[in-house]
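Close look at the chain arrangement
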Amino acid sequence: CYRDSGKLQESVPLLEEAVAIQRSCNTSRHQRVALAIRHLSEACVLLDETDKAMELATEAMDIANVSLPSSDSDLAGYMNTLGACYRSQGEYDNAISWYDKSRQLLTSMQSSHNRDLHLALTLYYLSRAYENKGNIAEALKVCTTVLELAERRLPVGHPNIAIFAMRLGWYNSKAGRYEGSVLQLQSALSVLQDTLPRSHDTADCHYFP
């Protein structure tokens, strides 16, 4: 789709149409409406349309809160979207708050393959918010858990493990732990060279799964 191929600008009219269709087919407080709005918000974040993204994410969260059970793991995704909106606006404390709410919801659930992967992604976002705030020690601590979860649930050589390892290696470097940093970065580079085409951008993870 357009979002996956990087053609974000072209995706917005399609996402807006999806929201309109869901609104016409469902009640205004239906979870399908919330999900369509959330996807549009995520695209707006990536396009740096932060005010629009925040408005949409807030609406999506409000609908999700009344259309989903309070223990539903899908709520974590809406919380992460709000966290991304705040992070994109430089409001890192608010971003951390929403990512932490997502973390608390997911950790209250029984461990499983999907839960652990969603938790790893949430913690990755949390580590980036701590990084943005300048708290490298906390970012390193959180990202260590991210890598542990990913290594537990993903197959050996999975590119996401390498991406998380690269970020952890960078945090170790910033913290002065150079030997560990070099080992993590070398391991990550080896995996990425074996699994991704040379044209693939491995510089960062996107905000969203």
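Structural data are supplied above this passage.
Below you will find a few notes about this structure.

Each value, and the rule that gives it
- Residues numbered from 1 in each chain as written.
- Predicted model: local features only at pLDDT ≥ 70, side-chain atom pairs only at ≥ 80, totals over all residues.
- Heavy atoms only, no water.
- Helix = DSSP H or I, 4+ residues; strand = E, 2+ residues; numbered from the N terminus.
- Rg over C-alpha atoms; globule rule 2.2 N^0.38 Å.
- Buried < 20%, exposed > 50% of the residue type's maximum accessible area, 1.4 Å probe, protein only.
- Contact = heavy atoms within 4.5 Å.
- Areas by Shrake-Rupley, 256 points an atom, 1.4 Å probe, with all protein chains shown as cover.
- Lys, Arg positive; Asp, Glu negative; His and termini not counted.
- Charge placed at Lys NZ, Arg CZ, Asp CG, Glu CD.
- Phe/Tyr/Trp six-rings, centres within 6.5 Å; stacked < 30°, edge-to-face > 60°.
- Lys NZ or Arg CZ within 6 Å of the ring centre and 35° of its normal.
- Salt bridge = Lys/Arg side-chain N within 4 Å of Asp/Glu carboxyl O.
- Axes fitted to C-alpha atoms, helices over the stretch in contact; angles between N-to-C directions.
- Parallel < 35°, antiparallel > 145°, perpendicular 65-115°, else oblique.
- Left-handed = near helix turned anticlockwise from the far one by under 90°.
- Nonpolar A, V, L, I, M, F, W, Y, C, P; charged D, E, K, R; others polar.

The next subject is the overall build of the protein chain. The helix and strand tally for the protein chain stands at 10 helices and zero strands. When the helices and strands of the protein chain are read in sequence order from the N terminus, they spell out α-α-α-α-α-α-α-α-α-α. Radius of gyration (C-alpha) of the protein chain: 18 Å, near the 17 Å computed for a compact globule of 209 residues. Considering only C-alpha atoms, the protein chain reaches an extent of 55 × 40 × 30 Å along its principal axes. In the protein chain, which comprises 209 residues, the proportion classed as buried is 43%. The long-range share in the protein chain, meaning contacts at least 24 apart out of those at least 6 apart in sequence, stands at 59%. Looking at the protein chain as shown, the accessible area adds up to about 11,100 Å², and 49% of this sits on carbon and sulfur atoms. Positive and negative side-chain charges of the protein chain, numbering 20 and 25 respectively, have mean locations separated by a distance of 4 Å.

On inspection of all chains with the given rule, the structure shows four aromatic pairs. Taking 5.7 Å as the distance between ring centres and 65° as the angle between the ring planes, the aromatic pair formed by Trp170 and Tyr171 counts as edge-to-face. Exposure remark for Tyr171: the relative accessible area of 0% places this residue in the buried category. Chaining the aromatic ring pairs together yields one cluster made of Tyr99, Tyr124, Tyr125 and Phe164. Lying over the aromatic face of Tyr78, Arg38 brings its terminal NZ or CZ to 5.1 Å of the ring centre. Between Lys101 and the ring centre of Trp98, over which it is positioned, the NZ or CZ distance is 4.1 Å.

Next up on the list: the pattern of salt bridges. The final tally for this structure, using the stated rule, is 10 salt bridges. Note that Arg38 and Glu42 form a salt bridge whose closest N and O atoms lie 2.9 Å from each other. With Arg38 and Glu42 both in helix α3 (residues 31–46) and four residues apart, this pair spans about one turn of that helix. Of the two residues examined, Arg38 and Glu42, each falls in the buried class.

Between helix α2 (residues 8–25) and α3, the least distance of the axes is 9 Å, while the angle of their chain directions is 160°. As the angle between them shows, α2 and α3 are arranged roughly antiparallel. Between α2 and α3 lies a crossing whose hand is left-handed. Every residue of α3 that contacts α2 at Leu8, Ser11, Val12, Leu15, Glu16, Ala18, Val19, Gln22 and Arg23 is listed here: Arg32, Val33, Ala36, Ile37, His39, Leu40, Ala43 and Leu46. Residue composition of the contact of α2 with α3, grouped by class: 11 nonpolar, three polar and three charged.

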